[in-house]
Amino acid sequence: MKGVSIIGVGLTKFGEHWNAGFRELISEAAGKAITDAHVDGQDVQAIFGGCMASGRLLGQEHIGALIADQLGMNPVASTRLEAACASGGVALRAGIMAVASGAYDVVAVGGAEKMTEVSTEEASTALGGAGDQEWELFNGATFPALYALMARRHMQEYGTSEEQMAACAVKNHANAVNNEFARYRKAVTIADVMKSGYIASPLKLLDCSPITDGAATVILCSSEKAKKYCDTPVEIIASGQASDTLALAQRTTLTEMKATKEAARQAYTQAKIQAKDVDFAEVHDCFTIAEVMATEDLGFFEKGKGGPAAAAGETALNAKVSINASGGLKAKGHPVGATGIAQAVEATLQLQQRAGKRQVSNAEIGLTHNVGGSGATCVVHVYKRL
Ligand SMILES: CC(C)(COP(=O)(O)OP(=O)(O)OC[C@H]1O[C@@H](n2cnc3c(N)ncnc32)[C@H](O)[C@@H]1OP(=O)(O)O)[C@@H](O)C(=O)NCCC(=O)NCCS
């Protein structure tokens with residue numbers, strides 16, 4: 001297999017985009033990435049696009065073709081990938097495989113979602129399709145409710161508190177203040193989180209990632225040719241993916257994600273590293289309890305210690321391990337199909353020392369963790385400078 005590197009990145013601002021449609025968001029992110037990579041459009045031999053719910057949210061399917069058409073790149077091979085909120089992560093993995101196999105030298109991998117055209121109720125119903133429609137969503141279990149069940153169980157088994165979960169939100173909002181692409185560039189306190197209204201107890205408004213529009217793109221190139229385009233390519237040294245049951249009711253535990261553990265095991269083995277070698281990670285904090293569990297399942301903290309570690313500041317910028325320097329899904333925003341690619345964009349900016357005031361000072365090894373549904377899909381990637 002060939003080595004694969006990121007040679008360019010592009011991101012739209014995450015937020016409510018009233019003046020840009022789905023197509024415009026894709027154009028903006030892809031255009032920025034192509035410029036950043038110093039490639040010509042004709043150099044891009046294939047496109048992989050992550051998108052979860054454009055059919056439900058916009059009435060638009062056939063996203064692979066739409067992307068190629070919108071970018072004026074027909075007849076390039078262009079394919080959509082869907083794995084709920086991990087759509088971006090699996091698209092990235094597909095792009096990596098395509099380059100690693102030698103089939104292509106340069107590919108574009110993007111992710112996009114336009115979520116704010118519909119009401120919160122309609123968006124929640126569309127997102128609920130990532131769980132088990134028959135046993136969960138039909139009975140009213142939306143995603144805040146499913147993660148609330150995990151939070152309650154974690155609190156019962158390990159004594160995790162609402163304040164410890166709130167610490168994740170406080171830290172991610174603080175990081176987002178320094179991210180021009182983030183949706184909420186506003187610091188919040190533990191008291192702010194605690195007094196925000198319950199969405200699904202024990203999760204409150206400020207424990208939840210927001211429904212958001214956005215798009216992201218990375219340009220991948222075989223590592224052997226990467227320096228032809230880019231002085232500071234970032235190599236993806238591992239890609240792990242795993243699955244678990246769709247419904248929470250069929251899990252043997254609610255307090256860990258087996259798919260995360262397996263994807264991480266694969267990634268650490270490929271990269272020949274251990275969790276302690278990771279300097280920074282973008283983890284899938286769709287709810288604060290998800291960040292607590294991710295930091296445990298990825299091996300940064302023992303099971304049950306993720307909450308106390310967050311409260312003690314061990315996951316803050318430049319602390320023991322910098323978690324979600326970008327602001328994470330919580331404060332940067334979570335346009336579901338774009339999230340996995342936006343995480344790769346942040347990993348690249350950090351390793352290229354381009355992250356400005358949120359720069360992780362010792363950024364040598366980065367990790368991204370992208371989850372679909374309540375943990376039925378997980379993708380983990382590891383990055384370092386080429
Ligand atoms: C939490 C949630 C239900 C709030 O939706 P809502 O009640 O319709 O909120 P609104 O859109 O009416 O916004 C009300 C206010 O709260 C803010 N807000 C909304 N969601 C927010 C969030 N997650 N964090 C911080 N502020 C938020 C809005 O900006 C708005 O502020 P304003 O009054 O100053 O303009 C919604 O954000 C949600 O469902 N999030 C989870 C999404 C999800 O499940 N993703 C998939 C995960 S697997």
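All figures in this text were calculated on a predicted structure; none of them were measured in a lab.

Asker: Is there a simple way to think about the packing of aromatic side chains in this case?
Answerer: One pair of aromatic rings is described through two measures. These are the centre distance and the angle between the planes. One pass over the full model with this rule turns up two aromatic pairs. Judged by centre distance (6.3 Å) and plane angle (40°), the ring pair of F143 and Y147 falls under tilted. Of this pair, F143 and Y147 both sit in helix α6 (residues 143–158), four residues apart, which is roughly one turn of that helix. For Y147, a relative accessible area of 0% gives the class buried. Feature note: the residues F143, Y147 and F287 constitute an aromatic cluster, connected by ring pairs.

Asker: How should the site of the ligand be read in this particular structure?
Answerer: Surveying the vicinity of the ligand reveals 16 residues, the closest of which are T120, Y184, C208, S209 and K330. T120 places a polar side-chain atom, nitrogen or oxygen, 2.5 Å from an oxygen atom of the ligand. Within the contact set of the ligand, a nitrogen atom lies 2.9 Å away from a backbone nitrogen or oxygen of S209. When the ligand sits alone it has 920 Å² of accessible area, and the protein chains cover 64% of it. Of the residues in the shell around the ligand, the class split is twelve nonpolar, three polar and one charged.

Asker: Just to check I follow, could you spell out unusual backbone geometry for this structure?
Answerer: For residues that are not glycine, phi is negative in most cases, and the peptide bond is trans in most cases. Each neighbour pair has its own omega, and for N74 with P75 the value is 10°, a cis peptide bond. You will see that K272, though not glycine, has its phi angle at about 60°, which is positive. As for its placement among the helices and strands, K272 is situated in the loop between α10 (258–271) and β9 (280–282). A positive phi angle, near 55°, is found at N324, a position not held by glycine. As for its position among the elements, N324 is in the loop between β10 (322–323) and α13 (328–332). Judged by relative accessible area, which is 0%, N324 ranks as buried.

Asker: For this particular structure, what's the right way to read helix α7 (residues 162–176)?
Answerer: Between its first and last C-alpha, α7 extends 21 Å over 15 residues, near the 21 Å set by a 1.5 Å rise per residue. Counting buried positions along α7 gives twelve out of 15 residues, so the element sits mostly inside the fold. Turning to α7, its buried residues are E162, Q164, M165, A166, A167, C168, A169, K171, N172, H173, N175 and A176.

Asker: Help me understand the sheet that holds strand β7 (residues 214–222), please; the structure alone is not making it clear to me.
Answerer: The strands making up a sheet associate through backbone hydrogen bonding, with each pair oriented either parallel or antiparallel. The strand order across the open sheet formed by ten strands is β3-β2-β4-β7-β1-β8-β12-β11-β9-β10, and the pairing between neighbours is mixed. The two strands at the open ends of the sheet, each matched to only one other strand, are β3 (77–81) and β10. Examined bridge by bridge, strand β11 (residues 365–372) and strand β12 (residues 377–385) share eight bridges and lie antiparallel to one another. Residue pairing across strands places N370 opposite V379, the latter belonging to β12. Contacts from α10 reach β8 (234–243), β11 and β12 within the one sheet, and its direction differs from that of β8 by about 145°.

Asker: Teacher, can you tell me more about the domain arrangement of the chain here?
Answerer: Think of interface size as the accessible area that goes away when the parts come together; that is how it is often given. Considered domain by domain, the chain is made up of domain 1 (4–118 + 212–234) and domain 2 (130–207 + 236–385). Each of domain 1 and domain 2 has a C-alpha centre, and the two are 23 Å apart. Contacts between domain 1 and domain 2 engage 45 residues on the former and 38 residues on the latter. Between domain 1 and domain 2, a total of about 3200 Å² is buried, with carbon and sulfur atoms accounting for 67% of that surface. It is F14, C85 and V234 that lose the most area in domain 1 upon contact with domain 2, and together they represent 22% of the buried surface on that side. Run the count over domain 1 and domain 2 and you get two salt bridges.

Procedures and definitions
Residues numbered from 1 in each chain as written. Predicted model: local features only at pLDDT ≥ 70, side-chain atom pairs only at ≥ 80, totals over all residues. Heavy atoms only, no water. Phe/Tyr/Trp six-rings, centres within 6.5 Å; stacked < 30°, edge-to-face > 60°. Helix = DSSP H or I, 4+ residues; strand = E, 2+ residues; numbered from the N terminus. Buried < 20%, exposed > 50% of the residue type's maximum accessible area, 1.4 Å probe, protein only. Near = heavy atom within 4 Å. Polar contact = N/O pair within 3.5 Å; in protein donor to acceptor, adjacent residues only side chain to side chain. Areas by Shrake-Rupley, 256 points an atom, 1.4 Å probe, with all protein chains shown as cover. Nonpolar A, V, L, I, M, F, W, Y, C, P; charged D, E, K, R; others polar. Expected span 1.5 Å × (residues − 1). Pairing = 2+ DSSP bridges. Contact = heavy atoms within 4.5 Å. Axes fitted to C-alpha atoms, helices over the stretch in contact; angles between N-to-C directions. Domains from an automatic or database assignment. Buried area = accessible area lost by both parts, 1.4 Å probe. Salt bridge = Lys/Arg side-chain N within 4 Å of Asp/Glu carboxyl O.

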